[in-house]
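Listed below are the residues making up each chain.
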Amino acid sequence: GVYTFNASNVRLERITSAHGLPSDATVRLRAVALLYHDHHDPAHDLVQDLSDRDGALIHAILHRREPDYWNAKYWFRRADLHPVYRAMGGRIPTMADTEGRKILARQLTLPGAFDPFAFVDLCEQVERSPASDPTVGWLRTVQHAEFEELVNYLAAC
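Not measured: the values here are computed from a predicted model.

Draft legend 1. Expanded view of the environment of I92. Along the chain, I92 falls in helix α6 (residues 83-95). Given a relative accessible area of 0%, I92 falls into the buried group. In this structure the C-alpha to C-alpha distance between I92 and V142, which are 50 residues apart in sequence, comes to 7.0 Å.

Draft legend 2. Spatial organisation of unusual backbone geometry. That bond from E66 to P67 is cis: its omega, 0°, falls within 30 degrees of zero. In this structure, P67 sits in the loop between α4 (53-65) and α5 (69-78). Positioned with a positive phi, D38 is a non-glycine residue whose angle comes to about 65°. For D38, the position within the fold is in the loop between α2 (23-36) and α3 (40-47). Positioned with a positive phi, L81 is a non-glycine residue whose angle comes to about 55°. With respect to the helices, strands and loops of the structure, L81 is situated in the loop between α5 and α6. Residue classification places L81 among the exposed positions, given a relative accessible area of 56%.

Draft legend 3. Region of interest: the nonpolar core. L108, W138 and V142 are the most contacted members of the largest nonpolar core, which has 43 residues in total. Mapped by element, the contributors of at least two residues to this core are α2, α3, α4, α5, α6, α7 (99-109), α8 (116-125) and α9 (134-156). Among the elements that make up this core, the one with the highest residue count is α9 (8 residues).

Draft legend 4. Spotlight on the pattern of salt bridges. As enumerated under the stated definition, the model contains 9 salt bridges in all. Among the ionic pairs, K73 bridges to D121, the shortest N-O distance being 2.6 Å. Taken together, the residues span a long stretch of sequence, with K73 in helix α5 and D121 in helix α8 at a distance of 48 residues. In this structure, the salt-bridge partner of E148 is R91, at a minimum N-O distance of 2.3 Å. Here E148 is found in helix α9, whereas its partner R91 is found in helix α6, with 57 residues between them in sequence. E148 sits in the partly exposed class, given a relative accessible area of 32%.

What counts, and at which threshold
- Residues numbered from 1 in each chain as written.
- Predicted model: local features only at pLDDT ≥ 70, side-chain atom pairs only at ≥ 80, totals over all residues.
- Heavy atoms only, no water.
- Helix = DSSP H or I, 4+ residues; strand = E, 2+ residues; numbered from the N terminus.
- Buried < 20%, exposed > 50% of the residue type's maximum accessible area, 1.4 Å probe, protein only.
- Core = buried A, V, L, I, M, F, W, Y, C linked by side-chain atoms within 4.5 Å.
- Salt bridge = Lys/Arg side-chain N within 4 Å of Asp/Glu carboxyl O.

Structure representation (structure tokens):
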């Protein structure tokens, strides 16, 4: 609700101020936090005019989650070779604890780095699957890791 959104915004402001993050990093982190909590419109308002790779990556994730898969791929192309992809490329294989997940992990990391286009395709494939589907659950775990890596990257800038 609105209270949660406002309380989260205040906490984020305190965290970014305490760490002395520049205002552009704060805007990106705020957009990521909003997106993580499914506040798509306010997140979109923050990133729609950003022209750098970080803004493009957040924008791409937002459209993947809507879902607007074609638009997500457009923005992923603009985030070309983002450092988060390398971090995810090393992390995803460690998250694969079954043979089926190992196959999915290879699909997502074939050249070594995370392939955001393969991830969009997998999300689209399971879009109508129930939340209880194990593949859906694992893809959500991958998405959570993607958010963690993005926050780590943005906080380090």
